[in-house]
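Chain residues, written in single-letter form:
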Amino acid sequence: MTLHLYDTLSGGKRLFEPLVPGHVTLYVCGPTVYNRIHIGNGRAAVVFDLLYRVLRARYASVTYARNFTDIDDKIMAAAAREGVAIDELTERYAQAYDEDVAALGTLPPDLKPRATGHLPEMIAMIERLVAKGHAYAAEGHVLFAVESDPAYGRLSKRSIEDMIAGARVEVAPYKRHPADFVLWKPSTPEQPGWDSPWGRGRPGWHIECSAMIDKLLGRVIDIHGGGRDLTFPHHENELAQSSCAHGGAELARFWLHNGMLTMAGEKMSKSLGNIVTVQELAARHDGEVLRYALLAAHYRSTLVWSEDLIEQARKSLLRFYQLLEAAGDPSADDVPVPESLQAALDDDLNTPEAFAVLHRLADELKQAHGDDARRRAGALRAGARLLGLLERPAATFLAEDDARRASASALAPDSIDTLVKEREAARKARDFARADAIREELFAGGIEVKDGVDGPSWSYR
RNA sequence: GGCUGGGUGGCAGAGUGGUCAUGCAGCGGACUGCAAAUCCGCCUACGCCGGUUCGAUUCCGACCCCAGCCUCCA
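Residues numbered from 1 in each chain as written. Chains lettered and ligands numbered in written order. Predicted model: local features only at pLDDT ≥ 70, side-chain atom pairs only at ≥ 80, totals over all residues. Heavy atoms only, no water.

### Focus: helix α10 (residues 307–326)
Phase 1 of the analysis: The end-to-end C-alpha distance of α10 is 28 Å, a good match for the 28 Å that 20 residues give at a rise of 1.5 Å each.
Phase 2 of the analysis: On its buried face, α10 is in contact with α8 (278–284), α9 (287–294), β13 (303–304), α12 (351–367), α13 (370–386) and α14 (394–408). (Helix = DSSP H or I, 4+ residues; strand = E, 2+ residues; numbered from the N terminus. Expected span 1.5 Å × (residues − 1). Contact = heavy atoms within 4.5 Å.)

### Observations regarding the nonpolar core
Phase 1 of the analysis: Grouped together as the largest cluster of nonpolar side chains are 85 residues, with contacts concentrated most on I39, L55, I223 and W305.
Phase 2 of the analysis: A per-element tally of this core places helix α1 (residues 39–58) first, with ten residues.
Phase 3 of the analysis: In terms of nonpolar packing, the next biggest core, distinct from the first, is built from 25 residues, M125, F144, V146 and W198 among them. (Core = buried A, V, L, I, M, F, W, Y, C linked by side-chain atoms within 4.5 Å. Buried < 20%, exposed > 50% of the residue type's maximum accessible area, 1.4 Å probe, protein only.)

### Remarks on the sheet that holds strand β11 (residues 261–263)
Note on sheets: strands pair through backbone hydrogen bonds, and any given pair is parallel or antiparallel.
Phase 1 of the analysis: Within the open sheet, the three strands sit side by side as β12-β11-β13. Their pairing is mixed. Because the sheet does not close on itself, it has two edges, and the strands there are β12 (266–267) and β13.
Phase 2 of the analysis: As defined by bridge partners, β11 adjoins β12 across two bridges and the pair is classed as antiparallel. For T262, the partnering residue across the bridge sits in β12 and is K267. (Pairing = 2+ DSSP bridges.)

### Looking at unusual backbone geometry
Phase 1 of the analysis: Cis geometry is adopted by the peptide bond preceding P233, which originates at F232 and carries an omega value of 0 degrees.
Phase 2 of the analysis: Mapped onto the elements, P233 comes out in helix α7 (residues 231–245).
Phase 3 of the analysis: Positive phi outside glycine occurs at D348, with the angle close to 55 degrees.
Phase 4 of the analysis: Mapped onto the secondary structure, D348 falls in the loop between α11 (339–346) and α12.
Phase 5 of the analysis: In this structure D348 comes out as buried when scored by relative accessible area, which is 0%.
Phase 6 of the analysis: Even without being glycine, L390 reaches a positive phi, approximately 55 degrees.
Phase 7 of the analysis: Inspection of the secondary structure assignment puts L390 in the loop between α13 and α14.
Phase 8 of the analysis: For L390, a relative accessible area of 1% gives the class buried.

This is the structure in structure tokens:
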């Protein structure tokens with residue numbers, strides 16, 4: 001079986017094979033650390049975590065790097081607002097990021113480079129671009145000259161002319177061309193800065209990724225990932241810088257971009273303010289449920305985020321875990337990933353198809369008995385594990401889900417037991433009107449009573 | 001305004017030139033004192049208009065609508 005991935009640059013699915021056989025290099029644009037991330041940011045982390053897992057299952061060695069942008073004007077503003085030092089602020093939110101994405105079931109990347117740790121590399125790359133005539137200094141700034149790169153615009157599929165036509169920003173007077181972008185900019189004495197050939201200053205946004213990729217992963221990496229909204233200008237500029245600095249070499253062999261999350265028809269974004277943080281969601285929902293919800297759509301399409309989506313995800317996982325428990329909760333160790341599921345993920349990470357496969361496996365498991373059921377449960381779990389799901393003991397998930405229902409219920413367990421006993425007594429006396437009234441009361445309180453052969457039992461609904 | 005992508009059943013969301021996505025919700029039946037769970041069945045789909053074709057939701061063209069990007073953004 002072969003892995004096919006959609007590449008933004010070539011505009012289609014292509015067979016993926018690493019440049020160096022058996023070893024994959026993956027770089028994903030991480031967060032600018034100045035606040036808590038929202039669930040849309042979480043989607044990117046989960047999507048590329050899934051890719052990481054699929055690659056690791058397939059290749060002997062995968063190096064996954066995800067950066068922290070820890071120098072940026074928004075960070076400076078946030079630090080000033082909160083009255084804390086910049087490094088304190090960035091450290092706090094870098095840790096918060098790690099916590100948030102861990103809650104979504106992501107594995108830590110192999111490398112987590114920070115921009116502030118790579119100033120010499122950035123300065124060196126800017127110097128190289130200046131020397132090659134791709135960049136120029138002006139009024140303390142260093143700018144990349146887009147006209148020096150005939151291929152500029154190829155990633156986002158727009159021409160320099162298009163960009164000028166749609167320009168909404170005022171063009172700085174020192175730019176030779178309106179689309180030229182900043183590689184280096186001067187800092188005032190109060191602003192953080194580093195000494196450079198162009199005076200004390202700080203890097204532009206895009207150069208860090210180019211410099212860190214070059215240093216940590218090599219000139220040409222296999223896969224570069226990030227959100228769709230990074231395609232332009234961030235990735236376009238990264239590509240221009242790196243390829244111009246490296247004599248035209250491609251920066252990445254595959255460019256992967258995940259789609260956006262929307263809330264009520266609009267993109268969830270910090271600037272629009274229509275965000276819901278991962279922290280807030282994780283307090284109310286199981287992280288695995290959130291992960292399932294994020295993977296419910298194909299990673300390239302827009303996903304409509306809603307409470308209903310979360311509830312659907314919870315119900316699916318509840319069903320899977322209940323079936324696993326009924327089958328003795330077998331482990332997936334040494335169980336191969338079902339072929340149909342592997343095929344779904346190998347087709348550009350088709351998670352909706354993968355979920356359909358899991359539900360089919362679950363249907364078959366439900367019909368099975370004994371050893372056959374155990375075997376099928378193991379297969380279900382092995383498939384789900386590749387998605388980073390169903391990795392906990394079933395009893396753990398079910399108990400935690402129950403606890404969440406319990407805390408949402410108005411009824412205390414004691415009074416529930418009392419009511420259930422009362423109802424059972426009424427049933428014995430064939431006072432069904434009374435029994436049903438109690439059932440209604442419990443139901444209203446979020447409790448479902450089930451009459452089994454061993455007597456009644458109840459659970460949160 | 002420019003560029004890119006998309007419009008699938010109540011909702012979410014895959015996919016395909018002619019037999020099924022899948023999940024949730026809903027409806028009917030079996031089972032149950034009644035329910036729940038389970039099982040069986042049902043339901044309404046491919047924005048609009050043309051074209052290609054024996055046949056198009058799927059290919060082509062126009063149109064309408066939506067989203068993303070063009071400014072920090074996953």
